[in-house]
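Structural features, examined
Below are the chains, spelled out letter by letter.
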Amino acid sequence: MPRLAVALRALALPVAALLAVAPYTPAQAKAEPKAPKEFVALRDVDPTIRQEIRYFTPHNFTGDPVDGYRRPMCVLTRPAAEALHRAQRQLLRRGYTLKVYDCYRPQRAVNDFVEWAKDLGDQRMKGEFYPEVDKTRLFEDGYIAEKSGHSRGSTVDLTIARLPALPTRPYVPGEKLVPCYAAKKDRFPDNSVDMGTGYDCFDTRSHTLDPRIKGVQRANRLLLKGTLEKLGFVNLAEEWWHYTFKPELFPDTYFDFPVSRRSLTG
C-alpha cells in the first residue's frame, strides 16, 4: 500500500472513533411536533386579553411547572381565538377584560397530570386546590383524566377582570395555602372578579350553577357564561372557567406540540 494511503488511513481511524462517541447536535435530535396552520397565538389576534398561564408556573395543583409549557402564552385554533376577540370587544365596553389561565394543552402535560395524580405522597398543594377531596379519588371524581379537550385546541380556561387590572403577584413556593373556596379576600390574590372559588378548585362549588354561589359571585359567572355562549362557546358545567368553541376544528385529535412560539407554523 502506498505510504500516502497508509498515512490517511491512520488519520481516519481516530476521527471515526470520535464521531462514534460524539453527542447528537440539536439538528440531529428528533424534531418536536409542530402545530397545524390553523393554530395561532391569542396575542396575535387580540393583545388586550390578559394572560396568566398557570401551568407555566408552580402555582397550580401539582406545585411544579407542567411539562410542555415552554412559554407563558395562549395558543388556540384561529376560530376560537377570533371568538374570544369578539367577546373581549363586548366586555371592554363594559369596563371588563377577559383573562385566560390555560388554552391549548399538549398531551404531555395531561400525562404529567396523570403521573402526579398517581403519586399519593405528593400533596403539597392540597391545602389550596383540593382541600376536601382525597387524592385517591381524583380519577373517579373526574378531576383528572388521561385525555383533555384542551389538547384539541378549541378549549380555554378563563375569567373576567375589571379594568384597570393590576398584575397578580407571583406565587412563592412554600407559602401558606388557603382553600380555593375561601372568601376572595383570604385566598390567593387574583385580579379577576369574584367567581366564588379560585381557578382549578377541585370542589363542587366550582360547578357553574352551584346553588351555594349567589349574589355578585353568581352574577359574575353568568356574565362570563352569557357573553361566551352567544359567540359559540359551550361551558363545562362542572367548571365555571372551562369553555369550548363549537364546532371544533379538530374534534377527534389530541395534539402534543409544546406551547411555544416556535411550535406555530403560521
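Use the structure listed above.
Quick summary incoming for the structure in this document. Computed from a predicted model, the values in this text were never measured in an experiment.

1. Quick notes on the overall build of the protein
Tallying secondary structure elements over the protein gives six helices and seven strands in all. In the protein, the order of α-helices and β-strands from amino to carboxyl end is α-β-α-β-β-α-β-α-α-β-α-β-β. Within the span of the protein, comprising 266 residues, buried residues form 48% of the whole. If you take every contact in the protein between residues at least 6 apart in sequence, the share linking residues at least 24 apart comes to 74%. Summed over all atoms, the accessible surface of the protein reaches about 13900 Å², with 58% contributed by carbon and sulfur.

2. Topic: the state of the cysteines
Taken as a whole, this structure holds two disulfides when the rule is applied. Between Cys 180 and Cys 201 runs a disulfide, and the two sulfur atoms are separated by 2.0 Å. Judged by the sign of its S-S torsion, about 60 degrees, the bond between Cys 180 and Cys 201 is right-handed. One end of the pair, Cys 180, is in the loop between strand E5 (155-162) and helix H6 (215-229); the other, Cys 201, is in the loop between E5 and H6, and 21 residues separate them in sequence. You can call Cys 201 buried: its relative accessible area is 2%.

3. Observations concerning the packing of helix H3 (residues 78-92) against H6
Contact pair H3 / H6: the axes reach a minimum separation of 9 Å and the direction vectors enclose 130 degrees. As summarised for this structure, H3 and H6 are arranged oblique, according to the angle between their axes. The element H3 and its partner H6 pack so that their crossing is right-handed. Together, Leu 84, Ala 87, Gln 90 and Leu 91 of H3 and Leu 223, Thr 227 and Leu 228 of H6 make up the contact between the two elements. When the residues that make up the contact of H3 with H6 are grouped by side-chain class, the tally is five nonpolar, two polar and no charged.

Each value, and the rule that gives it
- Residues numbered from 1 in each chain as written.
- Predicted model: local features only at pLDDT ≥ 70, side-chain atom pairs only at ≥ 80, totals over all residues.
- Heavy atoms only, no water.
- Helix = DSSP H or I, 4+ residues; strand = E, 2+ residues; numbered from the N terminus.
- Buried < 20%, exposed > 50% of the residue type's maximum accessible area, 1.4 Å probe, protein only.
- Contact = heavy atoms within 4.5 Å.
- Areas by Shrake-Rupley, 256 points an atom, 1.4 Å probe, with all protein chains shown as cover.
- Disulfide = S-S within 2.5 Å.
- Axes fitted to C-alpha atoms, helices over the stretch in contact; angles between N-to-C directions.
- Parallel < 35°, antiparallel > 145°, perpendicular 65-115°, else oblique.
- Left-handed = near helix turned anticlockwise from the far one by under 90°.
- Nonpolar A, V, L, I, M, F, W, Y, C, P; charged D, E, K, R; others polar.

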